[in-house]
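Observations on the three-dimensional arrangement
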Amino acid sequence: MKVILATRQAFCLVGNMSVGVTAFFLWCAIAAGAGWMLVHLPDVWYVHLGNQSSTGFAVAAITSYAVVAGALFLEFSCGALLMLADAYTEMLLSARKWRSRHAASAIQCR
């Protein structure tokens, strides 16, 4: 029974870690895409303002483009940093639990 419980715990740990790593890379990819959009904003501005037929529409389109790209970049980059902070906190808690269990087993052996 202990073997089954330990195997289940190991699979849960590996599954949770893989989902967390996948989510982190997904958030980083979305933040990188939004950052790329922000970097290329001057090129978009130049292309739209080159067409003199609808300058007001071009300014509105580029402004909305910048706002959306900026919001996406901030949200997903902060989310990725928050995931890193949570992982670090979880790692410290796991290490603390492991040390306390290890110390308790050493005391029982004596």
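Here the structure is a predicted model, which is why all the values come from computation and not from measurement.

Reading the values: rules and limits
Residues numbered from 1 in each chain as written. Predicted model: local features only at pLDDT ≥ 70, side-chain atom pairs only at ≥ 80, totals over all residues. Heavy atoms only, no water. Helix = DSSP H or I, 4+ residues; strand = E, 2+ residues; numbered from the N terminus. Contact = heavy atoms within 4.5 Å. Areas by Shrake-Rupley, 256 points an atom, 1.4 Å probe, with all protein chains shown as cover. Lys, Arg positive; Asp, Glu negative; His and termini not counted. Charge placed at Lys NZ, Arg CZ, Asp CG, Glu CD. Disulfide = S-S within 2.5 Å. Buried < 20%, exposed > 50% of the residue type's maximum accessible area, 1.4 Å probe, protein only. Expected span 1.5 Å × (residues − 1). pLDDT = per-residue confidence, 0-100.

**A word on the overall build of the protein chain**
Secondary structure summary: the protein chain contains three helices and zero strands in total. Listing the helices and strands of the protein chain from first to last along the sequence gives α-α-α. Principal-axis analysis of the C-alpha atoms gives the protein chain an extent of 85 × 25 × 15 Å. A separation threshold of at least 6 residues defines the contact pool for the protein chain, and within that pool the share at least 24 residues apart is 72%. Of the accessible surface of the protein chain, which amounts to about 8,700 Å², a share of 74% is contributed by carbon and sulfur atoms. Taken together, the 7 basic and 4 acidic charged side chains of the protein chain have centroids lying 30 Å from each other.

**Quick notes on the environment of Ala95**
Tracing the sequence through the fold places Ala95 in helix α3 (residues 55–109). It is 18 Å that separates the C-alpha atoms of Ala95 and Ala6, two residues lying 89 residues apart in sequence.

**Here we look at the state of the cysteines**
For the structure on display, the rule yields zero disulfides. You can see Cys28 has no disulfide; the closest cysteine sulfur is in Cys78, sitting 12 Å from it. With a relative accessible area of 27%, Cys28 lands in the partly exposed category.

**Topic: helix α1 (residues 2–39)**
Spanning 38 residues, α1 covers 55 Å between terminal C-alpha atoms, matching the ideal 56 Å at 1.5 Å per step. By the burial criterion, the buried members of α1 are Phe24, Ala31, Ala34 and Gly35.

**Some words on the environment of Ala34**
Locating Ala34 in the fold gives a position in helix α1. The spacing of Ala34 and Gly79 is 45 residues in sequence and 13 Å in space, taken between C-alpha atoms. Apart from residues lying up to four places away in sequence, Ala34 is in contact with Ala69, Leu72 and Phe73.

**What about the confidence of the model for the protein chain?**
Predicted confidence across the protein chain gives a mean pLDDT of 84, with 90% of residues reaching 70 or more. Across the protein chain, the element-wise mean pLDDT spans from 77 in helix α2 (residues 41–50) up to 89 in α1.

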